[in-house]
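Examination of the molecular architecture
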Amino acid sequence: MSVESAGQGPWPGPEQGPGPGPGPGSEPGSEPGSLCPEHGQALRWFCCSERRPVCAACAGLGGRCRGHRIRRAEERAEELRNKIVDQCERLQLQSATITKYVADILPGKNRRAVSTASAARELVIQRLGLVRSLCESEEQRLLEQVHGEEERAHQSILTQRVHWAEALQKLDTIRTSLVDMLTHLDDLQLIQKEQEIFERTEEAEGILDPKESEKLNFNEKCTRSPLLTQLWATAVLGSLSGTEDVRINERTVSPFLQLSDDQRTLTFNAKKSKTCADGPERFDHWPNALATTSFQAGLHAWTVNVENSCAYKVGVALGQLPRKGSGSDSRLGYNAFSWVFSRYDREFRFSHDGQHEPLALLRCPAQLGVLLDLQAQELLFYEAGSGTVLHTHHASFPGPLFPVFAVADQTISIVR
């Protein structure tokens, strides 16, 4: 048995009497002078092992706490009093810190929050005001350009009207003169008029037939503006609740590609699959695949994760795109049926009908977005992360368009 000696008298022995204590029914150790329920002695000792007050009999050689660390109850109480005092001092310091924080720091924080919020509002208003002003200026410029182009086309048409009215009048005069000669002149007179007939005929032949002229058409390019395209694309992408649920048609997938179970990921395999059943819809040579759905009208957008591939094509194609053979008919971008953005190593380009337009990109896009506006007949490719427009193409698409994909390195995936 280990007993602390500091301030401790002789080893505890049996008490001479019950001494003062609680009456019947009191809990042992509930107050000073409480009695041990087992021995009826005063609880003047503290068992550190069981962390409760005990009597001398419990702490003695035959007691239940033999071998435990025993201290006098008053020493333990004094220790607890000191702890309480220390805790009260800490609480007082903590209270003072909180009081100071509430009184000094929070008001300052509130003032700074109000000031910062006011500055943020001014910044938002200022920047959006600048954007609004820029948009208004661009709107005015483009509308003036449209009006000027309309006036130019109108004047060209009026000039043509006047020109052809004069030509008609001249032709009618020549014809009337020739008919009059034919009707009223005898043979000799007609021969004498041969030079005049030749001159009239030559004059009539100098009036050429009308030909199609671009000057008579309204030039829709006058509305094209890089700023407007960027703002429009940003606004459209911000307003769309989500991209189209584009999935790949398994029946079209090349045997050089593997399609994931969710029909969104294409993985290139240099070895041609022998288990891939051939069919009229399947591409049998080029590593191509079409989506399951096509778009005939409206505005549509989808995104493709291309960060793992150094050789891919993404775009749209007509349903009548040929599927068989190694010729250009079924090679994306080499025929009149497909419009694609492509990457080969560090080279990017837009391709259609064998015409390839190089694109100077500062970095390789990790996610390539496709925006198709069939009302405006416009196809736009953008970097999904920043919304930067990479290329726009205007065309008269002759039919419903399918999202189309090709990959010759690693993997590309349609983003959900």
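Residues numbered from 1 in each chain as written. Predicted model: local features only at pLDDT ≥ 70, side-chain atom pairs only at ≥ 80, totals over all residues. Heavy atoms only, no water.

1. Here we look at the confidence of the model for the protein
Low pLDDT marks regions whose predicted coordinates should not be analysed in detail. The predicted model of the protein averages 86 in pLDDT, with 91% of residues at 70 or higher. For residues 1-11, every residue scores under 50 in pLDDT, and the model assigns this stretch 26 contacts once sequence neighbours within four places are set aside. Between residues 13-30, whose pLDDT stays under 50, and residues either more than four places distant or in other chains, the model counts 21 contacts. (pLDDT = per-residue confidence, 0-100. Contact = heavy atoms within 4.5 Å.)

2. A look at a negative patch on the surface
A contiguous patch of negative charge, built from Glu199, Glu202, Glu203 and Glu205, is present on the exposed surface. Within the secondary structure, Glu203 sits in helix α4 (residues 194-205). (Patch = residues over 30% accessible without salt bridge, like charges linked within 9 Å, V, L, I, M, F, W, Y side chains within 5 Å. Areas by Shrake-Rupley, 256 points an atom, 1.4 Å probe, with all protein chains shown as cover. Salt bridge = Lys/Arg side-chain N within 4 Å of Asp/Glu carboxyl O. Lys, Arg positive; Asp, Glu negative; His and termini not counted. Charge placed at Lys NZ, Arg CZ, Asp CG, Glu CD. Helix = DSSP H or I, 4+ residues; strand = E, 2+ residues; numbered from the N terminus.)

3. Some words on the nonpolar core
Leu266, Trp302, Trp339, Leu372, Leu379 and Phe405 are the most contacted members of the largest nonpolar core, which has 35 residues in total. No other element matches the four residues that strand β9 (residues 311-318) contributes to this core. (Core = buried A, V, L, I, M, F, W, Y, C linked by side-chain atoms within 4.5 Å. Buried < 20%, exposed > 50% of the residue type's maximum accessible area, 1.4 Å probe, protein only.)

4. Some thoughts on the sheet that holds strand β7 (residues 288-290)
In spatial order, the strands read β7-β16-β9-β10-β11-β12; together these six strands make up an open sheet with antiparallel pairing. Strand pairing shows two members of the sheet lacking a second neighbour, β7 and β12 (355-359), which therefore form its edges. In this sheet, neighbouring strand axes are inclined to one another by 20 degrees on average, regardless of whether the strands run parallel or antiparallel. (Pairing = 2+ DSSP bridges. Axes fitted to C-alpha atoms, helices over the stretch in contact; angles between N-to-C directions.)

5. A short note on the sheet that holds strand β15 (residues 388-394)
The sheet built from seven strands is open, its strands ordered β5-β6-β17-β8-β13-β14-β15 with antiparallel pairing. A single partner strand is all that each edge strand has here, and the edge strands are β5 (257-259) and β15. Averaged over all adjacent pairs, the angle separating strand axes in this sheet is 20 degrees, with direction ignored. The sheet contact formed by strand β14 (residues 378-383) and β15 spans six bridges and is antiparallel. What sits directly across from Tyr382, in β15, is Val389.

6. Some points on helix α2 (residues 73-184)
Helix length check: α2, at 112 residues, gives a terminal C-alpha distance of 154 Å against a target of 166 Å (1.5 Å per residue), a fit within 8%. Listed in full, the buried residues belonging to α2 are Glu75, Arg76, Gly108, Glu138, Leu142, Glu149, Ala153, Ser156, Ala167, Ile174, Ser177 and Met181. (Expected span 1.5 Å × (residues − 1).)

7. Re a nonpolar patch on the surface
A cluster of nonpolar side chains, Ile98, Tyr101, Val102, Ile105 and Leu106, forms an exposed patch at the surface whose accessible area comes to about 430 Å². Secondary-structure assignment places Tyr101 in helix α2. The class of Tyr101 is partly exposed, set by a relative accessible area of 41%.

8. A short note on the pairing of strand β13 (residues 367-373)
Burial runs high along β13: six of the seven residues are buried. In the sheet, strand β8 (residues 299-305) pairs with β13 via seven bridges, with the strands oriented antiparallel. Of the residues in β13, the one forming a bridge with His300 is Leu372. One ladder, built from six bridges, connects β13 with β14; its direction is antiparallel. Looking across to β14, one finds that Asp373 is bridged to Glu378. Where β13 folds back onto β14 in an antiparallel hairpin, the turn is made up of four residues, including Gln377, whose phi is positive at roughly 55 degrees.

9. Focus on the state of the cysteines
What is meant by a disulfide is a covalent connection between two cysteines, made through their sulfur atoms. Counted according to the given criterion, the structure contains zero disulfides. Cys135 provides the cysteine sulfur closest to Cys222, a residue in no disulfide bond, and the two sulfurs are 18 Å apart. (Disulfide = S-S within 2.5 Å.)

10. What about the pattern of salt bridges?
For the structure on display, the rule yields 17 salt bridges. With a closest N to O distance of 2.8 Å, Glu79 and Arg71 form a salt bridge. Residue classification places Glu79 among the partly exposed positions, given a relative accessible area of 25%. Close ionic contact of Glu196 with Arg200 constitutes a salt bridge, the shortest N to O distance being 3.7 Å. One end of the pair, Glu196, and the other, Arg200, are both in helix α4, four residues apart, so they sit about a helical turn from each other. By relative accessible area, Glu196 is classed as partly exposed at 26%. The network of salt bridges with common partners includes Glu50, Arg52 and Arg64.

11. A short note on the packing of α2 against α4
Put simply, α2 and α4 touch, their axes get as near as 10 Å, and they point 155 degrees apart. Judged by the angle between their axes, α2 and α4 are roughly antiparallel. Note that α2 runs across α4; the crossing there is left-handed. Of α4, the residues touching α2 (which contributes Lys170, Leu171, Thr173, Ile174, Ser177, Leu178 and Met181) are Glu196, Ile197, Arg200, Glu203 and Ala204. Considered class by class, the residues forming the contact of α2 with α4 number six nonpolar, two polar and four charged. (Parallel < 35°, antiparallel > 145°, perpendicular 65-115°, else oblique. Left-handed = near helix turned anticlockwise from the far one by under 90°. Nonpolar A, V, L, I, M, F, W, Y, C, P; charged D, E, K, R; others polar.)

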